[in-house]
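Survey of secondary and tertiary structure
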Amino acid sequence: MLLEPGKIVTGKVTGISPFGAFVSLGEGKTGLVHISEVALSYVKNVSDFLKENDEVKVKIISIDDNGKVSLSIKQALLEEKKKNAASAPARVPKTERVEFTKKSEAPLSFEDMMSKFKQASDEKMQDLKRGLESKRGSSYRRSGGSF
């Protein structure tokens, strides 16, 4: 297999260190995934995310003159997300949709749409406030809302 920067390949984790993970790419080639390139989130301990013998998809970041291969799991994940996002149409979950006009009604004016939006927003804020008050407990309500 020809290794070149930018290519996404599958490898096997052969070792874990405090600064990253070593990944075997086959044909005797091994690369390093630096701790900053292990996951999309902050990584304090590599072994929380990877174990030896795990199969991982990695992107080849670079190959230096000495043959050291730098790899990234994070960049491979981001590229897969891009491909999936491009192939799937963007959809807004039904709970996030607010319909301002009915198909049978005449189009609403800007002021009417803003009024409906404000009303929906106020209702959501009231729901959030009710949820916070229930989490704070009864002592908060009895004391008038201050500690």
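Residues numbered from 1 in each chain as written. Predicted model: local features only at pLDDT ≥ 70, side-chain atom pairs only at ≥ 80, totals over all residues. Heavy atoms only, no water.

**Digging into the pairing of strand E3 (residues 29-34)**
Relative to E3, strand E2 (residues 20-26) is paired through 6 bridges, and the arrangement is antiparallel. What sits directly across from Val23, in E3, is Gly31. Across 3 bridges, the pairing between E3 and strand E5 (residues 69-72) is parallel. From the neighbouring strand, Val33 faces E5, where its bridge partner is Leu71. (Pairing = 2+ DSSP bridges. Helix = DSSP H or I, 4+ residues; strand = E, 2+ residues; numbered from the N terminus.)

**Observations concerning the sheet that holds E3**
Spatial ordering of the closed barrel is given by E1-E2-E3-E5-E4, a layout of 5 strands whose pairing is mixed. The average angle at which neighbouring strand axes cross in this sheet is 50°, direction not considered. Pairing of strand E1 (residues 8-17) with strand E4 (residues 55-63) involves 5 bridges; the strand directions are antiparallel. In the sheet register, Val9 faces E4, and the bridge partner there is Val58. Against the sheet, helix H1 (residues 73-87) contacts E1, E3, E4 and E5, and its axis sits at roughly 105° relative to E4. (Axes fitted to C-alpha atoms, helices over the stretch in contact; angles between N-to-C directions. Contact = heavy atoms within 4.5 Å.)

**Points about the nonpolar core**
Formed by 19 residues in total, the largest nonpolar core has its most connected members in Leu25, Leu50, Val58 and Leu71. Every element with two or more residues in this core is listed here: E1, E2, E4 and E5. Residues in contact with Leu71, not counting those within four places in the same chain, are Val23, Leu25, Gly31, Leu32, Val33, His34, Glu37, Val58, Lys59, Ile60 and Ile61. (Core = buried A, V, L, I, M, F, W, Y, C linked by side-chain atoms within 4.5 Å. Buried < 20%, exposed > 50% of the residue type's maximum accessible area, 1.4 Å probe, protein only.)

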